Amino acid sequence: MIYKRSSTLFTEAEKVIPGGVNSPVRAFKAVGGTPIYVKEAKGAYLFDEDGNVLIDYINSWGPMILGHAYQPVVDAVVEKAQKGTSFGMPTEIETKIAELVVSMVPNIDKIRFVNSGTEACMSAVRLARGFTGKDKIIKFAGCYHGHSDSFLIQAGSGAVTFGSPNSPGVTAGTAKDTLLANYNDLASVEALVAANKNEIASIIIEPVAGNMGCIPPINGFLEGLRKLCDEPSILLIFDEVMTGFRLAKGGVQELFGVNADIVCFGKVIGGGLPVGAFAARNEIMNHLAPLGPVYQAGTLSGNPLAMAAGFAMLTALNTDENVFKRLAEKTEYLHKGLTKVLTDNNIIHTINRVGSMISVHFDDTKVVDFETAAKGNNETFKTIFHGMLNQGIYIAPSAFETWFITDALTYKDLDATIAACITVFK
Ligand code: HOZ
C-alpha cells in the first residue's frame with residue numbers, strides 16, 4: 001500500500017505539533033514508519049487519505065463498539081448541534097444519561113461527567129482521598145489511568161511504549177504517594193497495605209488490564225482486593241475506561257461479580273465524543289462539590305453533544321440483549337484463527353482475550369503482569385503490524401495496546417484478517 005499523502009501530512013504536522021501527533025502512540029515510533037491519516041470511517045472500515053480501505057481493530061481505542069459513524073449517534077449529535085453546542089448550564093440530557101448509567105451499572109447511585117478518562121481517574125482519586133482523609137494510593141505496574149501526575153509511575157500504554165513509564169515533570173512529592181504493586185499478585189498488595197497502615201486512601205486498578213496488552217485478572221485476585229479494602233476502609237477504584245460498556249452492560253463489576261467503591265468510565269460512554277465519568281454510592285458521591293468539600297468542575301463537562309452521543313450509544317447497548325455475546329463470539333473466532341496461523345507457522349506466541357478485547361504477545365510465557373507482557377518480541381510484533389497493514393488490516397501500532405473488536409465486523413472481515421496473517425508468516 002502507498003502512503004504518500006499520509007507521509008506528507010505527517011511531515012507538515014511535525015512542524016507545528018510535537019512529534020506530529022496529539023497522543024504519542026499514534027506516532028508509530030514502536031513499529032517504525034509514519035502514521036496513516038484518516039479521511040473518514042464507516043462501520044468496521046477506515047478510509048485513509050491515500051485512498052486505501054483498512055479493517056479497523058483499534059476503533060478509536062475502544063469507543064466504536066458498534067462501528068464508526070454509527071447512525072443513531074451521528075443523528076443525535078447533528079440534532080443537538082443545531083440547537084447550540086455548549087452552554088455551561090445544565091441540560092436535561094445530562095440527567096437522562098446519568099439515569100441510564102445508574103440503571104445499567106451495579107452498585108452506583110450517582111455519576112459525575114467529565115471530558116476524558118484521565119479526568120475521571122484523577123478526580124476519583126481526589127474524591128477517595130477526600131472521603132477517607134488519607135493520602136496514599138496503590139496502583140499496578142503496567143496499568144494506565146491517563147496522564148495525570150499521580151499515575152505516571154510505571155504506567156502502561158504510550159508511557160511504556162516510549163520508555164518513560166515514570167515521566168519527568170512528576171514531582172518526587174507526588175510520586176511518593178503512589179505505591180506500586182504487581183498485577184495479579186495479591187501478596188504484593190497485602191505487603192504495601194501492611195507497611196502503610198491507615199495511610200492508603202485507595203487501590204486503583206484496570207480490573208481487566210488493557211494497557212500492557214489485554215490481561216485478565218486471575219481467579220480470586222479482584223475478590224482478594226475487595227477483601228483487603230473492606231477492613232481498613234480503603235476505597236477500591238475500578239478504572240473501567242476500556243472495559244465499561246464493552247465487556248458487559250455493567251462492566252467488570254457485573255462480569256466477575258466484584259463490587260468497586262468508585263468506577264471510572266471513558267471511551268464507549270461517550271460514543272466517540274470526549275466523555276469520561278466517575279460514579280459511586282451516595283455516601284461517597286455526596287462528598288463532591290457542590291454537595292461536599294471535594295472540588296471538581298469543568299466548563300465542558302456534561303457537554304450536550306457529548307451527552308447526546310453517549311446516550312444514543314448506551315441506549316443501543318442497553319436494548320440489544322445479544323450484543324456482548326456477539327462481540328465475544330467474533331473475538332473468539334479471531335482468536336482461534338490467529339492461534340492456528342501462528343501455531344502452524346511455528347511463531348512463538350500467547351494470545352489473551354476477555355470478551356471483545358484481545359492482544360497477541362510474541363512470547364510463550366503466560367502473560368499475567370507487566371513483567372511477562374514486556375517479554376514479547378517486538379521485532380515479530382513489527383512484522384505482523386506492517387504485514388497486516390500492507391494488506392489493509394489496521395491493528396494497534398504498539399504491542400502494549402489491546403485490539404478492540406467492533407460489532408460492525410463481519411465474519412468475512414475476520415476471515416480476511418486471518419488470511420492476511422497467513423500471508424505475513426508463510
Ligand atoms: N493511550 C491510548 C491507548 N491506550 C492511545 C490513545 C490515542 O492515541 O488516541
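Since the structure is predicted, the reported quantities are computational estimates derived from the model, not experimental observations. (Residues numbered from 1 in each chain as written. Predicted model: local features only at pLDDT ≥ 70, side-chain atom pairs only at ≥ 80, totals over all residues. Heavy atoms only, no water.)

With that settled, consider unusual backbone geometry. Cis geometry marks the peptide bond from Ala-289 to Pro-290, where omega comes out at 10°. Mapped onto the elements, Pro-290 comes out in the loop between α10 (282–285) and α11 (304–319). Unusually for a residue other than glycine, Gln-154 sits at a positive phi of about 45°. Topologically, Gln-154 is positioned in the loop between β5 (136–140) and α5 (158–161). Notably, Lys-267 is not glycine yet its phi reads approximately 55°, a positive angle. Along the chain, the position of Lys-267 falls in the loop between β9 (262–265) and β10 (276–280). (Helix = DSSP H or I, 4+ residues; strand = E, 2+ residues; numbered from the N terminus.)

This structure, assessed with the given rule, holds 17 salt bridges. Between Lys-83 and Glu-79 there is a salt bridge whose closest N-O contact spans 3.1 Å. Here the salt bridges share partners, and the residues they tie into one network are Arg-226, Asp-230, Asp-261, Arg-281 and Glu-283. (Salt bridge = Lys/Arg side-chain N within 4 Å of Asp/Glu carboxyl O.)

A few words now on the site of the ligand. Close to the ligand lie Ser-23, Arg-26, Trp-61, Ser-157, Asn-211, Met-242 and Glu-401, which account for all nearby residues. Separating an oxygen atom of the ligand from a side-chain N or O atom of Arg-26 is a distance of 2.6 Å. Take Glu-401: an N or O atom from its side chain is 2.9 Å from a nitrogen atom of the ligand. Expressed as a share of its isolated accessible area of 290 Å², the protein-covered part of the ligand is 86%. Classifying every residue of the shell around the ligand gives two nonpolar, three polar and two charged. (Near = heavy atom within 4 Å. Polar contact = N/O pair within 3.5 Å; in protein donor to acceptor, adjacent residues only side chain to side chain. Areas by Shrake-Rupley, 256 points an atom, 1.4 Å probe, with all protein chains shown as cover. Nonpolar A, V, L, I, M, F, W, Y, C, P; charged D, E, K, R; others polar.)

Further remarks concern helix α15 (residues 411–425). With 15 residues, α15 extends 21 Å from end C-alpha to end C-alpha; this agrees with the ideal 21 Å at 1.5 Å per step. All buried positions along α15 are accounted for by Asp-413, Leu-414, Thr-417, Ile-418, Ala-420, Cys-421, Val-424 and Phe-425. An end-on view of α15 places all buried positions within 155° of arc, on one side of the element. Against β2 (45–48), β3 (53–56), α12 (323–344), α14 (378–389) and β13 (393–394) lie the buried residues of α15. (Expected span 1.5 Å × (residues − 1). Buried < 20%, exposed > 50% of the residue type's maximum accessible area, 1.4 Å probe, protein only. Arc of directions from axis to C-beta. Contact = heavy atoms within 4.5 Å.)

Right, let's talk about the pairing of β9 for a bit. Neither face of β9 is open: one carries Ile-262 and Cys-264, the other Val-263 and Phe-265, and all of them are buried. Bridge count between strand β8 (residues 235–239) and β9: three bridges; the pairing is parallel. Counterpart to Phe-238 in the pairing with β9 is Val-263. Handedness of the β-α-β unit built from β8, helix α9 (residues 251–256) and β9 comes out right-handed. Bridge analysis of β9 against β10 gives four bridges, and the strand direction is antiparallel. Opposite Ile-262, over in β10, you have Ala-280 as the bridge partner. (Pairing = 2+ DSSP bridges. Right-handed = clockwise from strand over helix to strand, strands pointing away.)

Taken in spatial order, the three strands make up an open sheet running β11-β12-β14, and their pairing is antiparallel. Here the strands that pair on one side only, and so sit at the sheet edges, are β11 (350–354) and β14 (403–404). Sheet analysis places β11 next to strand β12 (residues 357–361), joined by five bridges and oriented antiparallel. Bridging from a neighbouring strand, Val-354 pairs with Met-357 of β12. Where α12 meets the sheet, it contacts β11, β12 and β14, and its direction lies at approximately 175° from that of β11. (Axes fitted to C-alpha atoms, helices over the stretch in contact; angles between N-to-C directions.)

Across all of its chains, the model carries zero disulfides by this definition. Free of any disulfide, Cys-214 has its nearest cysteine sulfur in Cys-143, 12 Å distant. A relative accessible area of 0% means that Cys-214 is categorised as buried. No disulfide involves Cys-229; its sulfur sits 14 Å from the nearest other cysteine sulfur, which is in Cys-264. Since its relative accessible area comes to 1%, Cys-229 is described here as buried. (Disulfide = S-S within 2.5 Å.)

Time to look at the packing of aromatic side chains. Going through the model one piece at a time under the given rule, you end up with eleven aromatic pairs. With centroids separated by 5.8 Å and ring planes inclined at 80°, the aromatic side chains of Phe-140 and Phe-221 adopt a geometry described as edge-to-face. Note that Phe-140 is positioned in strand β5 and Phe-221 in helix α8 (residues 221–230), a separation of 81 residues in sequence. The exposure classification of Phe-140 matches that of Phe-221, with both residues buried. Here Tyr-183 and Phe-221 contribute two aromatic rings whose centre-to-centre distance is 5.5 Å and whose plane-to-plane angle is 55°, an arrangement assigned as tilted. Remark: Phe-221 occurs in helix α8 and Tyr-183 occurs in the loop between β6 (178–181) and α7 (186–195); sequence separation between them is 38 residues. Under the relative-accessibility criterion, Phe-221 is labelled buried at 2%. In textbook terms, an aromatic cluster arises when at least three aromatic residues are bridged by ring pairs, as seen for Phe-28, Phe-385 and Tyr-394. (Phe/Tyr/Trp six-rings, centres within 6.5 Å; stacked < 30°, edge-to-face > 60°.)

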